[in-house]
Amino acid sequence: MKSHVHQKEEEKLSWISLSLFGAGCTLGTGFFLGTSLAIHWSGLSVLVLLVLAAAGTYFVFGALAQMTAEDPKEGAFRTYAGEAFGPWAGFGSGWMYWSSEMLIMGSSLTALGLFSQFWFPKFPLWVFVAVYACIGLFIAALGAKGLTQTENVLAVIKLAATVAFIAIAAAACLGWLDVKITPQKITNEWFPHKIKGVWTGFIYAFFAFAGIEVMGLMAAKLKEPKDAVKSGRVMLLTVSTLYVVAIALILLLVPAAKLTPDESPLVKAMSSIGFTVVVHILNGILIIAGFSTMVASIYAITSMLVKLGEDGDAPKMFTKTWGKKNMPLYALGCTAAGLILSTLLALWMPKSLFEYVTTAGSLVLMYTWLLICITYIKKMKPTSWNRIKVWIAMVLILAAVAGTVMEKASRRGLLASIGLVVLIALITYIVNKVRKPQSSPSTEPSKP
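Residues numbered from 1 in each chain as written. Predicted model: local features only at pLDDT ≥ 70, side-chain atom pairs only at ≥ 80, totals over all residues. Heavy atoms only, no water.

### Some details on the side chain of T68
No. 1: When you line up the elements, T68 lands in helix α4 (residues 46–70).
No. 2: Given the relative accessible area of 2%, T68 is considered buried. (Helix = DSSP H or I, 4+ residues; strand = E, 2+ residues; numbered from the N terminus. Buried < 20%, exposed > 50% of the residue type's maximum accessible area, 1.4 Å probe, protein only.)

### A word on the nonpolar core
No. 1: Counting 144 residues, the largest nonpolar core has F31, Y97, F165, F206, F209, I247 and W369 as the members making the most contacts within it.
No. 2: Looking at this core, the element that brings in the most residues is helix α13 (residues 276–310), giving 19 residues.
No. 3: Non-local contacts of F165, meaning those with residues more than four positions away in its chain, are made with A246, I250, L266, A269, M270 and L282. (Core = buried A, V, L, I, M, F, W, Y, C linked by side-chain atoms within 4.5 Å. Contact = heavy atoms within 4.5 Å.)

### Describing the environment of G284
No. 1: In this fold, G284 is placed in helix α13.
No. 2: With 169 residues separating them along the chain, G284 and F115 place their C-alpha atoms 8.0 Å apart.

### Quick notes on the pattern of salt bridges
No. 1: Within the structure shown, the criterion is met by 4 salt bridges.
No. 2: Residues K379 and E83 are paired through a salt bridge, measuring 2.8 Å at the closest nitrogen-oxygen approach. Taken together, the residues K379 in helix α15 (residues 353–380) and E83 in helix α5 (residues 76–85) connect sequence positions 296 residues apart.
No. 3: Of the residues examined, K379 reaches a relative accessible area of 27% and is grouped as partly exposed.
No. 4: Since its relative accessible area comes to 36%, E83 is described here as partly exposed.
No. 5: Here D311 and K307 are joined by a salt bridge, their closest N and O atoms 3.7 Å apart. (Salt bridge = Lys/Arg side-chain N within 4 Å of Asp/Glu carboxyl O.)

### A short note on the side chain of T335
No. 1: Mapped onto the elements, T335 comes out in helix α14 (residues 329–348).
No. 2: For T335, the residues in contact, after removing those within four places along its chain, are W98, M102, L137, I298, I301, T302 and L305.

### A look at unusual backbone geometry
A negative phi angle is the norm for most residues apart from glycine, just as the trans form is the norm for most peptide bonds.
No. 1: Although it is not a glycine, K194 sits at a positive phi angle of roughly 60°.
No. 2: Within the fold, K194 resides in helix α9 (residues 194–207).
No. 3: For K381, which is not a glycine, the phi torsion comes out positive at approximately 50°.
No. 4: Along the chain, K381 falls in the loop between α15 and α16 (384–403).

### Some details on the packing of aromatic side chains
By convention here, two paired aromatic rings are described through the distance between centres and the angle between planes.
No. 1: Tallied over the entire structure, the rule returns 12 aromatic pairs.
No. 2: Ring centres of F120 and F128 lie 6.4 Å apart, and the angle between their planes is 35°; on these two criteria the pair is classed as tilted.
No. 3: For F120, a relative accessible area of 48% corresponds to the partly exposed category.
No. 4: Note on F128: relative accessible area 12%, which makes it buried.
No. 5: Judged by centre distance (6.3 Å) and plane angle (75°), the ring pair of F206 and W369 falls under edge-to-face. Taken as a pair, F206 in helix α9 and W369 in helix α15 lie far apart in primary sequence, 163 residues in all. W369 matches F206 in its accessibility class, with the two residues each being buried.
No. 6: Cluster of aromatic residues (ring-pair linked, three or more members): F31, F32, F209 and Y243. (Phe/Tyr/Trp six-rings, centres within 6.5 Å; stacked < 30°, edge-to-face > 60°.)

### Side note on the environment of L154
No. 1: By the secondary structure assignment, L154 is in helix α8 (residues 144–173).
No. 2: Taking relative accessible area as the criterion, L154 reaches 13% and is therefore assigned buried.

### Things to note about helix α1 (residues 15–26)
No. 1: An ideal rise of 1.5 Å per residue puts 16 Å on 12 residues; α1 measures up with 16 Å between its terminal C-alpha atoms.
No. 2: Of all 12 residues that make up α1, 9 are buried, and the element is covered over most of its length. (Expected span 1.5 Å × (residues − 1).)

Okay, structure coming up:
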């Protein structure tokens, strides 16, 4: 049985299509909303942090892409971890990734509801959350083909909106528009909260690139698996360039101290120059961005559950499908249950939406990236230069994670993420101990 949500879909992706898909997965609330925290803490230094995070992300994806090019398999990093270190690594990494995405998607759903209340303030938040969750689950159930088409369309919209924002903001900075504020009035600093603030903001710069692991899962469907590296290079170069240019323009228009975690820095910039119509357009883009990344994540973790079930790391019922589309109803049901629980937690503490829940989720995702790097070194035995790049990525990730200790809110997210990893490690240890050892071909007795 093939380990994919929809077994009948055999259409392969071109490297350009995968690049566009990756942009759709990456260009989400981490950039459109989450970077407000990075800017607030780091000031102008956020530009350096974005470049460093982009480099680290590129090295991580490069490692995953090289493993895919040499040995394209569904399940991607989880499958490779199991091959490199044993079944326990496949079990632990799969469930760690599922848990991290649950935390992130719960906060993303709540954020989508908050964005929608910008237009309909009297509408209950839970109604918006429920509608977006149902639509997201439906699109994910359509399979890889439907998901790719949807993500590509949404990616074009998000890229176009970002370019349009850059054009308008640049025109305002150059004095071509009659605006309420000019760059000369803004005096942002490189270190508004000293080095401690820069270190604190580093993790949010990395979070702006979250989504490359979903792109890695889809890389196995490339027509030419060796194009995975090229696809990631084009996507990350494009996205990181847009990030740096857009944030630089924001810093010319908005004081970093006035940015808050519940308001997009792009929206704040347009509001500061009096472009109220653009503010409404950007609010729509925020909804599209958050919804797009959420749907991609739902598909990824549902596919992961199917693969976990096939490998005996989750209940076998997750492999059962229904209808002509071969929808994995049980796996989708598990994901839906996780979404409900995560969203309820996020609704109970809305003021700490991006400070607690998202920090914990993004940190667990960073641990997954670290595992990808370690797996690459173990599995591929890379050349010296490739090994150096992976070590650079790990150092940057560890530095970003360590920076969360500097601030109270992110420190709580760090403790929550460590607690989750310890829990998964304990479950992995117990499962590995009680599970009956499977005989490998080399240990099976020979037949007479």
